[in-house]
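Each chain, letter by letter, is given below.
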Amino acid sequence: MNCANCGNDDQEWLCDEGDTVYCQKCYHRTLLSTGELDEIECKYCHNMRDRTAYYCRHCNMDQ
Ligand SMILES: [Zn+2]
Ligand SMILES: [Zn+2]
């Protein structure tokens, strides 16, 4: 497995969370089922944000 955002494939820096992999280098999650980033559009700033994170990394609004 590797990170869909930065391409990191160093397992030391990847955290297996079951259905997603968390990259500790760039702080993005990748869905194992699709190999795509596990992100949704923020309804406040419309940037792509981590689906499972409580706060948007761009505008810090909670959802
Ligand atoms: Zn990464
Ligand atoms: Zn946002």
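Residues numbered from 1 in each chain as written. Chains lettered and ligands numbered in written order. Predicted model: local features only at pLDDT ≥ 70, side-chain atom pairs only at ≥ 80, totals over all residues. Heavy atoms only, no water.

**Side note on the environment of glutamine 63**
Alright, step 1. By secondary structure assignment, the location of glutamine 63 is in the segment after strand 5 (48–50).
Alright, step 2. When neighbours within four sequence positions are excluded, glutamine 63 is seen to be in contact with Cys42, Lys43, Tyr44, Arg49, Tyr54 and Cys56. (Helix = DSSP H or I, 4+ residues; strand = E, 2+ residues; numbered from the N terminus. Contact = heavy atoms within 4.5 Å.)

**Considering the coordination of the zinc ion (ligand 1)**
Alright, step 1. Protein-derived coordination of the zinc ion (ligand 1) comes from Cys3 (SG), Cys6 (SG), Cys23 (SG) and Cys26 (SG), at a distance range of 2.2 to 2.3 Å.
Alright, step 2. Metal-centred angles of 103 to 115° between the 4 donor atoms at the zinc ion (ligand 1) mark the site as tetrahedral.
Alright, step 3. When the donor residues of the zinc ion (ligand 1) are listed from N- to C-terminus, their spacing reads C-x2-C-x16-C-x2-C. The same class applies to cysteine 23 as to cysteine 26, namely buried. (Donors = N, O, S within 2.8 Å, 3.2 Å for Na, K, Ca; no water. Tetrahedral: all angles 85-135°; square planar, octahedral: opposite > 155°, others 65-115°. Buried < 20%, exposed > 50% of the residue type's maximum accessible area, 1.4 Å probe, protein only.)

**Some words on unusual backbone geometry**
Alright, step 1. Phi at tyrosine 27 is positive, roughly 65°, even though this residue is not glycine.
Alright, step 2. On the secondary structure map, tyrosine 27 appears in the loop between strand 2 (20–23) and strand 3 (29–31).
Alright, step 3. Judged by its relative accessible area of 53%, tyrosine 27 is exposed.
Alright, step 4. For asparagine 60, which is not a glycine, the phi torsion comes out positive at approximately 65°.
Alright, step 5. Relative to the helices and strands, asparagine 60 resides in the segment after strand 5.

**Structural notes on the pairing of strand 2**
Alright, step 1. Where strand 1 (residues 14–16) and strand 2 come together, 3 bridges link them in antiparallel fashion. Along strand 2, the bridge assignment pairs leucine 14 with cysteine 23.
Alright, step 2. Counting the residues that bridge the hairpin from strand 1 to strand 2 gives 3 residues, and of these glycine 18 lies at a positive phi of roughly 100°.
Alright, step 3. Counting the residues that bridge the hairpin from strand 2 to strand 3 gives 5 residues, and of these tyrosine 27 lies at a positive phi of roughly 65°. (Pairing = 2+ DSSP bridges.)

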